[in-house]
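# Reading the structure
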Amino acid sequence: MRSNTEVDNERAEDKIPALEEDEFADGQLRRKMQGTLLPRLPLTPGKTLLSLYIEKIGLKDAGLIDPYLTISVRDYLGVAMTAIQDTPVASLIKDNFIIFNVAVEVQKCIEYLPSGVAVFFELKHFKPKKHKKSLKCYGFLERDEIKPGAAVLELYQKPIDYRRRKLKLLTVKALYLHLHLTLHTM
């Protein structure tokens, strides 16, 4: 005769889905598929929030494995001013474009961002031979460029320079990061 504990354990095991080969128990696959995007902050009277709709990024070699973007808001010294967010893995790779179609909510009111601040977009991907994630390129949107509507950002080579002093374009071709900015006020 089985004890109540054994029966309870069997029931619990039935409810827990089996892990697939590539899935980790710590939720790494879930983070990869859903990203670490945060919801929009509540609106405050007289304050403005920024939503970034990331459409696509153009690369001459767009065939990357599990590409995603890391978004951070940094001051002129490179210090993160808000929570760093990762997008889900890109939804589609077509020709020279990696398609994201994802909205990111900046976690601080525009009025609280000092001059010299920039929103950074780091394109990262997985390198199977080295078993690690790697930075491919990055772009940034400076505070004075934050206006509602479409925005197109240049892409720069790694290593990333949060202070924006030594910038080197990724390519001379017309391939950019395509965004749409929305400002929310109350």
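For the structure, check the block above.
Small disclaimer: the values here were computed from a predicted structure and weren't measured.

## Considering the pairing of strand E5 (residues 97–105)
Strand direction decides the pairing type here: strand E1 (residues 48–58) and E5, joined by 7 bridges, are antiparallel. When the sheet's bridge partners are listed, Leu52 is paired in E5 with Val104. Inspection of the sheet shows strand E4 (residues 92–94) paired to E5 by 3 bridges, in the antiparallel sense. Note that in E5 the partner of Leu92 across the bridge is Ile99. Between E4 and E5, which pair antiparallel one after the other, the connecting turn spans 2 residues, and Asp95 there sits at a positive phi close to 55 degrees.

## So, a nonpolar patch on the surface
On the surface, Tyr76, Leu77 and Val79 cluster together into a nonpolar patch covering about 290 Å² of accessible area. Along the chain, Val79 turns up in the loop between strand E2 (65–74) and strand E3 (85–86). Exposure remark for Val79: the relative accessible area of 46% places this residue in the partly exposed category.

## Details of the nonpolar core
Membership of the largest hydrophobic core comes to 31 residues, with the highest contact counts inside it found for Leu52, Ile54, Ile98, Phe100, Phe121, Leu123 and Leu177. Among the elements of the structure, E1, E2, E5, strand E6 (118–127), strand E7 (132–142), strand E8 (149–153) and strand E10 (177–185) are those that each provide at least two residues to this core. Apart from residues lying up to four places away in sequence, Leu52 is in contact with Val102, Ala103, Val104, Val106, Val119, Phe121, Leu141, His180 and Leu181. Ala118, Tyr138, Phe140 and Tyr162 belong to the second-largest nonpolar core, a separate cluster that totals 6 residues.

## Let's talk about the packing of aromatic side chains
In total, this model carries 5 aromatic pairs according to the counting rule given. With a centroid separation of 5.1 Å and an interplanar angle of 80 degrees, the aromatic rings of Phe120 and Tyr162 are classed as edge-to-face. On the criterion of sequence distance, the pair formed by Phe120 in strand E6 and Tyr162 in the loop between strand E9 (156–157) and E10 is long-range, its members being 42 residues apart. Pair check on accessibility: Phe120 and Tyr162 agree, each one buried. Lying across the ring of Tyr162, Arg74 places its NZ or CZ 3.9 Å from the centre. Residue placement shows Arg164 over the ring face of Phe140; its charged tip is 5.8 Å from the ring centre.

## Focus on the pattern of salt bridges
Taken as a whole and assessed by the stated rule, the structure comprises 4 salt bridges. For Lys136, the salt bridge is made with Asp61, and the minimal N-O distance between the two is 3.0 Å. Here Lys136 is found in strand E7, whereas its partner Asp61 is found in the loop between E1 and E2, with 75 residues between them in sequence. Overall, Asp61 belongs to the partly exposed group, its relative accessible area being 37%.

## Details of the side chain of Thr82
Checked against the element boundaries, Thr82 lands in the loop between E2 and E3. Looking at Thr82, the relative accessible area reads 12%, which means it is buried. Excluding residues within four positions of it along the chain, Thr82 makes contact with Val73, Gln107 and Lys108.

## Section: the sheet that holds E5
Strand order across the open sheet formed by 5 strands is E4-E5-E1-E10-E8, with antiparallel pairing between neighbours. Both edges of this open sheet fall to E4 and E8, since each of them pairs with a single strand only. Adjacent strand axes in the sheet meet at a mean angle of 25 degrees when their direction is disregarded. Sheet topology note: the E8/E10 ladder contains 5 bridges and is antiparallel. Paired with Gly149 across the two strands is Leu181, which belongs to E10.

So, how was this worked out
Residues numbered from 1 in each chain as written. Predicted model: local features only at pLDDT ≥ 70, side-chain atom pairs only at ≥ 80, totals over all residues. Heavy atoms only, no water. Pairing = 2+ DSSP bridges. Helix = DSSP H or I, 4+ residues; strand = E, 2+ residues; numbered from the N terminus. Patch = residues over 30% accessible without salt bridge, like charges linked within 9 Å, V, L, I, M, F, W, Y side chains within 5 Å. Areas by Shrake-Rupley, 256 points an atom, 1.4 Å probe, with all protein chains shown as cover. Salt bridge = Lys/Arg side-chain N within 4 Å of Asp/Glu carboxyl O. Buried < 20%, exposed > 50% of the residue type's maximum accessible area, 1.4 Å probe, protein only. Core = buried A, V, L, I, M, F, W, Y, C linked by side-chain atoms within 4.5 Å. Contact = heavy atoms within 4.5 Å. Phe/Tyr/Trp six-rings, centres within 6.5 Å; stacked < 30°, edge-to-face > 60°. Lys NZ or Arg CZ within 6 Å of the ring centre and 35° of its normal. Axes fitted to C-alpha atoms, helices over the stretch in contact; angles between N-to-C directions.

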